[in-house]
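So the chains spell out like this:
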Amino acid sequence: MREMQEEVVFVTGNEAVARAVKLAKPNVIAAYPITPQTEIVEVLARYVESGELRSEYIHVESEHSAMAACIGAASMGARVFTATAAHGFLYMCEMIFWASIARLPIVMANVNRALAPGWNIWAELKDAMAHRDAGWIQFYTASIQEAYDTTLMAFRVAEDRRVMLPTMVNLEGFVLSHVMQPLRLVDEAAYDEFLPPVRIPHALNFERPHTLGTLISPEHNFLVQYDNNKCMRAADDVIAETEREFEKITGRRYRAVMKYRCEDAETLVIAMGTLAREAEVACDSLRDKGEKIGVLRLRQLRPFPKAFAEEVKRLPAERFIIIDRAYSSGYGGILAEEVKARLYDLGIIKEVKSIIAGLGGQDVPHEALEKLFMDKQGGETWYGV
Amino acid sequence: MVWSVSAKEAASESDAVRAGTRRVIEIRLHSRGGQGGVTAAKMLAVAAFLEGKYSTASSFYGAERRGAPTVSFTRISDHEIRKYSQIRRPDCVIVMDPTVIDAVDVTEGLKPGGKLLINTENNIDADKFEDYEVYTVNATKISLDFDLKVAGAPVLNVPIVGAVAKMGIVRLDAVRGAILKMFPNEKNVAAAEVAYKMAAML
């Protein structure tokens, strides 16, 4: 590992993301403020204003325009960043799909927040999960350090020639965006080496004129989609490779599947984001009482990690508990249903319990999780109902 | 490749909790919007961080407005903090505005024997808080003496954090460091030091 001077600061999750973006030096930032994301674009605007960051900062009148501007800039070969949350994310929905089908490596931070009515600014994953099928790589983070590190890695993954797909980094509103934690900064020179200059092979070019996004006939459209999926699948390996390279410069280990006390666990809790970390605390307490329980945290939903299947096949767990901070009405917990589908693919028929918790910022303490884990009833349980 | 915390590594952490060698301090601050409660929570977290500990600072975000009761939180630990839920059983409660006592139950969930700091110019009815280790400080007077005002109102975070050092939760030199990092002005440090001297246990 390279010896380097490590700098530590004490910042919010939002500022951590802005600091990561500053290191990536995007050519263009186009964004519209929305709670709880606003601080990200505020801090970036300050960097641009002071000259610390030489990005073209485009002030837009809406999120739809923000993503449209990102698409335009990336189509010209630029490195691009934007940030959003909840209603802003939904407002850019049309452009979100465009960005992925056009294979533009836009990086976006999404600060997860619930959807109105019943105006609610607090954490829920539905804003991102509603875009599950949009063709974006989706990361879900569980600490301020992880939000920073994942943003740094997102640029490299998105811009990798084998991937060329837009990538979103999710951090939960308030619980991560507004909480302050110590943050270990990555050395600028080391990161410059880690992230090669952006090169988008199909970018518009005056010397070699071509058009993007014209009419595409039924003989070809499905091929575009087939190709997109191939790249999304390839992204799984590129992410793993990027995480290993990142570990070399920082010593910090991230993997698609983060395991906590899983090896001999009879019960496996599967979750994403900060609820998975809170579940670890509940897990420790239950282990002290003799329960064999572990927590498996998924860091990415798309591409759904291959490592998940490998681990589930290997681990001895007989019972699965899935925590969902987003719900598909009339169907089930979104992560729970994804996990069940994977288990079916693997021919694993085991008991699955689905816990719906933390919607609209509902506070979910580890003591409550402990009780929910011990409740032997299967099926679906809504915490607080 | 999957990153993993082994059962052995984690068990040694549980042992540390049981043996009491793993120290976690959870602090809740009651204030009114505009008094600097959120900043005080951050300042405490930075001070703990400067001592080499893990810490987080947060607030309950709702409809903040000047004068409304607000709650902020600081968690301090020797190990990485994995709790993101609200603090329900604090080890320490700080009341930055004594009039909040009439509006909310400030000792709710406070552990028996827990520490309570109240900013007040009056004597506190000790019987009311007999289960706790109670400290008082006249932070408002200190703030006014040092002319620490924002929009005409005294800002209490600096003297409050100085008083918290007296309670043994963070060290005074770390408080000094946190203030210099956040508000680099010797006047702020001096106000914290006066509060440290003035803060007294009932």
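For every chain, the first residue of the written sequence is number 1, and numbering continues from 1 onward in sequence order. Here every chain gets a letter starting at A, and every ligand a number starting at 1, in the order they are written. Only residues with pLDDT of at least 70 get local features here, since the model is predicted, and only at 80 or more are side-chain atom pairs given and counted; chain-wide, interface and lining totals rely on the full set of residues.

Here we look at the interface of chain A and chain B
Throughout, a pair of residues is in contact if the C-beta atoms placed from their backbones lie within 7 Å. Contact with chain A, which involves 33 residues of that partner, is made by 23 residues of chain B. Top element by residues in the side of chain A that touches chain B is helix α10 (residues 274–288) of chain A. It accounts for eight residues. Helix and strand assignments come from DSSP, with helices taken as H or I runs of at least 4 residues and strands as E runs of at least 2, each series counted from the N terminus.

Considerations on the environment of Ile106 of chain A
All names here are of chain A. Within the secondary structure, Ile106 is located in the loop between α5 (93–101) and β5 (107–112). Separated by 33 residues in sequence, Ile106 and Ala73 place their C-alpha atoms 9.4 Å apart. Those residues in contact with Ile106, other than ones at most four positions away along the chain, are Cys70, Ala74, Val80, Thr82, Ala99 and Pro166.

Details of the pairing of strand β17 (residues 379–382) of chain A
The criterion for strand pairing is that DSSP finds at least two bridges linking the strands in question. As paired strands, strand β16 (residues 351–356) of chain A and β17 of chain A are joined by four bridges and run parallel to one another. Counted as the bridge partner of Ser354 of chain A is Glu380 of chain A from β17 of chain A.

Quick notes on the domain arrangement of chain A
One frequently used descriptor of interface size is the decrease in accessible area upon assembly of the parts. All names here are of chain A. Domain extents, as shown, originate in an automatic or database domain assignment. Domain parsing of chain A yields domain 1 (7–250) and domain 2 (257–382). A straight line from the C-alpha centre of domain 1 to that of domain 2 covers 27 Å. Counting from both sides, the interface comprises 24 residues of domain 1 and, opposite them, 20 residues of domain 2. Listing elements by their share of the side of domain 1 that touches domain 2, those giving two or more residues are α6 (126–129), β6 (137–140) and α9 (218–250).

With respect to the pairing of strand β4 (residues 80–84) of chain A
Residue and element names in this part refer to chain A. In terms of residue burial, β4 counts as a mostly covered element, since five of its five residues are buried. Here a residue counts as buried when 20 or more other C-beta atoms fall within 10 Å of its C-beta, as exposed when 12 or fewer do, and as partly exposed in between; the C-beta atoms come from the backbone. Side chains Val80, Thr82 and Thr84 of β4 all project onto a buried face; the interleaved residues Phe81 and Ala83 project onto the opposite face, where all are buried too. Where strand β2 (residues 28–31) meets β4, two bridges bridge the pair, whose relative direction is parallel. Looking at the pairing, Val28 lines up with Val80 of β4.

Quick word on the packing of helix α2 (residues 37–50) of chain B against helix α6 (residues 172–182) of chain B
The relative placement of two packed helices is expressed as an angle between their axes plus a distance between the axes. All names here are of chain B. As a packed pair, α2 and α6 sit with axes 8 Å apart at the nearest point and diverge in direction by 120 degrees. As judged from the angle between their axes, α2 and α6 are oblique. For the pair α2 and α6, the crossing hand works out as right-handed. Side by side, α2 and α6 meet where Met43, Val46, Ala47 and Leu50 of the first sit next to Ala174, Val175, Gly177, Ala178, Ile179, Lys181 and Met182 of the second. Helix axes are fitted to C-alpha atoms over the stretch in contact, other axes to C-alpha atoms as well, and angles between N-to-C directions run from 0 to 180 degrees. Between 65 and 115 degrees an angle is taken as roughly perpendicular, under 35 as roughly parallel, over 145 as roughly antiparallel, and anywhere else as oblique. Left-handed is the label given to a crossing in which the near helix is rotated counterclockwise from the far helix by less than a right angle, and right-handed is the label when the rotation is clockwise.

So, unusual backbone geometry
All names here are of chain A. In this structure, the amide linkage connecting Ala116 to the following residue, Pro117, adopts the cis form with an omega of 10 degrees. Relative to the helices and strands, Pro117 is located in the loop between β5 and α6. Along the chain, Arg302 connects to Pro303 via a cis peptide bond; the corresponding omega equals -5 degrees. Here Pro303 shows up in the loop between β12 (300–302) and α11 (306–314). One non-glycine residue with positive phi stands out, namely Met164, at about 50 degrees. Position of Met164 among the secondary structure elements: in the loop between α7 (144–159) and β7 (167–172). Positive phi, normally seen in glycine, also occurs at Arg261, with a value near 55 degrees. Mapped onto the fold, Arg261 is located in the loop between β9 (257–260) and β10 (267–271). When the 26 C-beta atoms within 10 Å are taken as the criterion, Arg261 is described as buried.

Some points on α10 of chain A
Residues and elements named next belong to chain A. Between the first and last residue of a helix there are one fewer steps than residues, each counted as 1.5 Å, and that sum is the expected span. If you check α10, its first and last C-alpha atoms are 22 Å apart, about what 15 residues at 1.5 Å a residue would give, namely 21 Å. With 12 of 15 residues buried, α10 lies mostly within the body of the structure. Inspection of α10 places Thr274, Leu275, Ala276, Arg277, Glu278, Ala279, Glu280, Val281, Ala282, Cys283, Asp284 and Leu286 among the buried residues, and these make up the whole buried set.

Focus on the packing of helix α1 (residues 13–24) of chain A against helix α2 (residues 38–50) of chain A
Residues and elements named next belong to chain A. With their axes 8 Å apart at the nearest point, α1 and α2 run at an angle of 40 degrees to one another. Between α1 and α2, the angle is such that the two are oblique. As α1 packs across α2, the resulting crossing turns out to be right-handed. Along the contact surface, α1 presents Asn14, Glu15, Val17, Ala18, Val21 and Lys22, while α2 presents Glu39, Ile40, Val43, Leu44 and Tyr47. Residue composition of the contact of α1 with α2, by class: seven nonpolar, one polar and three charged. Residues were grouped as follows: Ala, Val, Leu, Ile, Met, Phe, Trp, Tyr, Cys and Pro as nonpolar; Asp, Glu, Lys and Arg as charged; and all remaining residues, including Gly, as polar.

Thoughts on the sheet that holds β7 of chain A
Strand-to-strand pairing in sheets goes through backbone hydrogen bonds, with the strands running parallel or antiparallel. All names here are of chain A. An order of β3-β2-β4-β5-β7-β6-β12 is seen for the seven strands of this open sheet, with the pairing classed as mixed. Of all the strands in the sheet, just β3 (56–59) and β12 have a single pairing partner and so form its edges. Shown here is a sheet whose adjacent strand axes are inclined to one another by a mean of 20 degrees, direction ignored. Pairing geometry for β6 and β7, over four bridges, is parallel. Counted as the bridge partner of Ile137 is Thr167 from β7. Set on the sheet, helix α3 (residues 63–75) makes contact with β2, β3 and β4; between it and β4 the angle comes to about 165 degrees.

What to know about the confidence of the model for chain B
All names here are of chain B. As a per-residue measure, pLDDT tells how confident the predictor is, with possible values from 0 to 100. For chain B, mean pLDDT is 86; residues scoring 70 or higher make up 86% of the total. For chain B, per-element mean pLDDT is lowest for strand β1 (residues 3–5), which scores 38, and highest for strand β5 (residues 92–95), which scores 97. Counting interchain partners and residues more than four positions distant, the pLDDT-below-50 stretch residues 1–21 has 27 contacts. The complex model carries a pTM of 0.92, and its ipTM stands at 0.90.

Quick word on helix α7 (residues 186–198) of chain B
Residues and elements named next belong to chain B. Its 13 residues give α7 an end-to-end C-alpha distance of 18 Å, which sits within 8% of 18 Å, the value for a rise of 1.5 Å per residue. Among the residues of α7, Asn188, Val189, Ala191, Ala192, Val194, Ala195 and Tyr196 are the ones counted as buried. Each element contacted by the buried residues of α7 is listed here: β7 (133–137), α4 (139–145), α5 (157–166) and α6.

Overview of the nonpolar core
Nonpolar cores are built from buried Ala, Val, Leu, Ile, Met, Phe, Trp, Tyr and Cys residues. These are joined into a set through C-beta atoms within 7 Å. If you look at the biggest cluster of nonpolar residues, it comprises 189 residues, and the most contacted ones within it are Cys70 and Val269 of chain A together with Leu44 and Ala47 of chain B. It is α2 of chain B that contributes the most residues to this core, 11 residues altogether. Here this core spans two domains, and each of domain 1 (7–250) and domain 2 (257–382) of chain A adds at least three residues to it. In contact with Val269 of chain A, other than residues within four places in its own chain, are Ala279, Cys283, Ile293, Val295, Leu296, Ile321, Ile323 and Phe373 of chain A.

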